[in-house]
Amino acid sequence: MNASNRILILDDQECVGITICQMAEKIGLKAESTTCPNKFLHNAAHEPLSCLIIDLMMPEVSGDQIIRELARTHSQTPLVLMSGGDGRVLWAAERAAKEYGLNVLGALEKPFFLKSLKKILDRLPKKRRIALPPEAVNVPVLDAEIVQQGIKNNEFFTVYQPKVDISTQSLVGFEVLLRWFNPHIGAIAPDIFIEAIEQLGLIDDLTEYMFERALSWFSQHTKYSGKINLNLALNISPLSLDSPHLFERLTERCNFYGVKPQAVTLELTETHAMRNAVTSLDMLLSLRLKGFKLSIDDFGTGYSSLKQLVRLPFSELKIDKSFISIATASSEARHVIKTIIDMARALNLTTVAEGVESKKVLNLLQVYGCDQAQGYFIEKPLTGIDMNRWLERRREKQWAVRTNAAQMLKSGDMDKEEELASVTALITRLLNVEYASVFLFSGNSVVCAASIGLKPESKVISETFCQCMVSREDAVVINSNDELAQDYKLPDSWGRDFHFYGGYPIYSKTGLLIGSLCTLHNRPISINEASISVLKQSAELLELLIAQSTKSSTGKTLLKSQFERVDRILNIVKTLGYQVTFLVIKPHWQESPHSLRWQLEKLELVLRKSCRRSDIVIRLSEREYAVVLVHKDGDGIENIIMERAGQKLNQLQKRFDSWCFLGVDFATTKESSDYSAQSLMAQLSPY
């Protein structure tokens, strides 16, 4: 086969490659597509070809690597670049390829029309130029019959782009996007077919088609993601705001698939949302009352007034990618982005940045306080099947992180175990329960990191109370006489018959569910909102301790981390009206002893033995300790403990092998309405 009518296509999505081959055949070309970069490069170097077409966005190898390899082999085969990402990236790649000396015919933004491909191939030298058959010159007009046939034949399909929390990188949801590959026309861009379908009056039919497929997939996603509080964002045409029956249908389909309206966000572009603000208000308000969230899409490209923005019941604001794509290069774009985020925060709106293509941009958005992000840096839009695979790979990585966290704590020193045990002991006191445990997930099992009143061994998650945390991301409170108990079927764990369970999930710093805090009692008990708040804040304190166990701190960093720990404890006890006495001990040696480490360990041991298990001993600095004594106002326990500690410290001081003075001071929340570590430290005398 000669080079005059054969092209080679490289695209990581097989279906796209096949579609381009079909388009090529319509204009008299023979085409071959592959998803393998190595095969593509081999054929490009050893076979006569009319043209090469490559996709820039691929998971195994990036387009710029293919370009460099073609340049290394001095390829002069005409080259066409294509990408579904940022147009600026495509333009930059085209310029780079030309600078490498490659014969670049042009670039195509996916999806594209047959005419667009033909227009670029017409730039081939005359001996390679392809004549377009007469029947292919005029692309069919998008009439009602073509659209209805497309819906009937499932030519339209949904793809899903993940959205993440910028501060934790945890998955928060997906945006649903609609694609159309017509076997006769090829890939049709959404901005073209949406406008045409709106003009034909068929937009509600297409929207309902999208609802059905998206909700069907979304209702099944939990088995892949392991999360239940994710959100599904659907784009809505402004014309649909005049169709109440469409949203009644959406509500029905949500009920059918078991998807709560609170988990669905409806997106409208800024221009359309504001154009008919008065007439849209009733429908938008009705949707919000049903529980749906509302988002202003492409914010910054329209003509909003603050008055309209405040009046309409939106819950989210999406910053247009035209600003995001140039954020690192344009100070003006950065000012606009920051202003939008600040305004949204003042209006209590969640901010979402779309079109995030690099880590640098993501970091910038985090500094500005943007809430969520989506874009090719996180992941490109994927079909439901491909997204399930992506979620499965993500879940496997998460299990590895969970197992690593559990093993790290398991192999850690006794101090960390004591710290966690002190928190669990404090919880049993505050909530008046018999048992409290900290469990971490390791593979499909749970490992007990700390426990009071119970010595559980490792077990499979499904056989423990932790099963509740795998399917919930909030407090779980169950009494044996509750209806919930039947749903969860509380197991007879570790040979005990429990009648109360109160649990809260524990997350890593990146938002990954790594374990749970469990409280247990042998009879049903009542628990109020304040107690649930204690459960939540205790879990957050445990998260802090676990995160700090993975790194060592010294100097100011150590003091800052311990202050944060004390503040967390103060917030917990304040909820239930408890007081805190802050006892600080600082040894002063006349000269530096050779056995300093041994003496400090002895000092810490004395403090732990002098206090109750629920009193928390912390190290403020290299030679300074503190004890957080939690007690009720007027019970006098703090005086007893301080007296006991003083006696034992005096005995310890005599055992030191060099002269030592132990400075002791204390502060209390009784002296201040401000429950903070800083307030307690301010009461201490300098010594």
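Just so we're clear, the structure is a prediction, and the values are computed from it rather than from any experiment.

Procedures and definitions
Residues numbered from 1 in each chain as written. Predicted model: local features only at pLDDT ≥ 70, side-chain atom pairs only at ≥ 80, totals over all residues. Heavy atoms only, no water. Phe/Tyr/Trp six-rings, centres within 6.5 Å; stacked < 30°, edge-to-face > 60°. Helix = DSSP H or I, 4+ residues; strand = E, 2+ residues; numbered from the N terminus. Buried < 20%, exposed > 50% of the residue type's maximum accessible area, 1.4 Å probe, protein only. Axes fitted to C-alpha atoms, helices over the stretch in contact; angles between N-to-C directions. Parallel < 35°, antiparallel > 145°, perpendicular 65-115°, else oblique. Left-handed = near helix turned anticlockwise from the far one by under 90°. Contact = heavy atoms within 4.5 Å. Nonpolar A, V, L, I, M, F, W, Y, C, P; charged D, E, K, R; others polar. Core = buried A, V, L, I, M, F, W, Y, C linked by side-chain atoms within 4.5 Å. Salt bridge = Lys/Arg side-chain N within 4 Å of Asp/Glu carboxyl O. Pairing = 2+ DSSP bridges. Polar contact = N/O pair within 3.5 Å; in protein donor to acceptor, adjacent residues only side chain to side chain.

Novice: So what's going on with the packing of aromatic side chains? Residues and values would help.
Specialist: Tallied over the entire structure, the rule returns 9 aromatic pairs. Measuring from ring centre to ring centre gives 5.6 Å for Phe 156 and Phe 193, while their planes differ by 70°; the resulting arrangement is edge-to-face. Taken together, the positions of Phe 156 in strand S6 (residues 156–165) and Phe 193 in helix H8 (residues 190–199) put the pair 37 residues apart, joining distant regions of the chain. Neither Phe 156 nor Phe 193 differs from the other in exposure class; each is buried. Feature note: the residues Phe 156, Trp 180, Phe 193 and Tyr 209 constitute an aromatic cluster, connected by ring pairs.

Novice: Tell me about the packing of helix H9 (residues 203–218) against helix H11 (residues 244–257), residues and numbers included.
Specialist: Contact pair H9 / H11: the axes reach a minimum separation of 10 Å and the direction vectors enclose 15°. One finds that H9 runs roughly parallel with respect to H11. The handedness of the crossing between H9 and H11 is right-handed. Of the residues in H11, those in contact with Asp 204, Thr 207, Glu 208, Phe 211, Glu 212, Leu 215 and Ser 216 of H9 are His 245, Leu 246, Arg 249, Leu 250, Arg 253, Cys 254 and Tyr 257. In terms of residue class, the contact of H9 with H11 is made up of 6 nonpolar, 3 polar and 5 charged.

Novice: Requested: an account of the nonpolar core, with residues and values cited.
Specialist: As a rule of thumb, nonpolar side chains are buried together in soluble globular proteins. Ranked by size, the top nonpolar core spans 74 residues in total, and within it Phe 174 and Leu 266 carry the most contacts. Here the element with the most residues in this core is H9; it accounts for 9 residues. Aside from chain neighbours lying at most four places away, what touches Leu 266 is Leu 234, Ile 236, Phe 247, Leu 250, Leu 287, Phe 292, Lys 293, Leu 294 and Ser 295. Ranked by size, the runner-up nonpolar core spans 50 residues in total, among them Leu 430, Ala 436, Ile 514 and Leu 541.

Novice: So what's going on with the pattern of salt bridges? Residues and values would help.
Specialist: Following the criterion strictly, the structure yields 19 salt bridges and no others. Linked through salt bridges whose partners overlap, the residues forming this network are Arg 6, Glu 32, Lys 39 and Glu 47.

Novice: Tell me about the sheet that holds strand S1 (residues 6–10), residues and numbers included.
Specialist: Here 5 strands make up an open sheet; going across it, the order is S2-S1-S3-S4-S5 and the pairing parallel. This sheet does not close on itself; its edge strands, each paired only once, are strand S2 (30–34) and strand S5 (104–109). Sheet twist, expressed as the average angle between the axes of neighbouring strands with direction ignored, equals 15°. As paired elements, strand S4 (residues 79–83) and S5 share 5 bridges and run parallel to each other. If you follow Ser 83 over to S5, its bridge partner there is Glu 109. Sheet strands in contact with helix H3 (residues 63–72) are S1, strand S3 (51–55) and S4, and its direction is about 150° off that of S3. Its contacts with the sheet put helix H4 (residues 87–99) on S4 and S5, and the angle it makes with S5 is roughly 170°.

Novice: Requested: an account of the packing of helix H2 (residues 37–46) against H3, with residues and values cited.
Specialist: Remark: H2 packs on H3, axes separated minimally by 11 Å, with the N-to-C direction vectors making an angle of 25°. As the angle between them shows, H2 and H3 are arranged roughly parallel. Crossing of H2 over H3 shows right-handed handedness. Contacts between H2 and H3 involve Pro 37, Phe 40, Leu 41 and Ala 44 on the former and, on the latter, Ile 66, Glu 69 and Leu 70.

Novice: Would you mind going over the side chain of Ser 614 in detail, with residue names and values included?
Specialist: With respect to the element layout, Ser 614 can be found in the loop between helix H24 (596–610) and strand S23 (616–621). Looking at Ser 614, its side chain comes within polar contact range of the side chain of Arg 429, at 2.8 Å. In this view, Ser 614 contacts Ser 422, Ala 425, Leu 426 and Arg 429; residues no more than four positions away in its chain are not counted.

Novice: Which residues make up the pairing of S6, and what values go with them?
Specialist: Judged by how many residues are buried, S6 sits mostly within the fold: 8 of 10 residues are covered. Sheet topology places S6 next to strand S7 (residues 171–182); 9 bridges connect them, and they run antiparallel. Bridge assignment links Lys 163 to a residue of S7, and that residue is Gly 173. With antiparallel pairing between neighbouring strands as the criterion, S6 and S7 make up a hairpin whose turn holds 5 residues, including Gln 169 at a positive phi of roughly 65°. Here 2 bridges tie S6 to strand S15 (residues 382–383), and the two strands are oriented antiparallel to one another. Counterpart to Tyr 160 in the pairing with S15 is Leu 382. In this sheet, strand S14 (residues 372–374) lies alongside S6 in antiparallel orientation, the contact comprising 2 bridges. By the bridge assignment for S14, Val 164 is matched with Ala 373.

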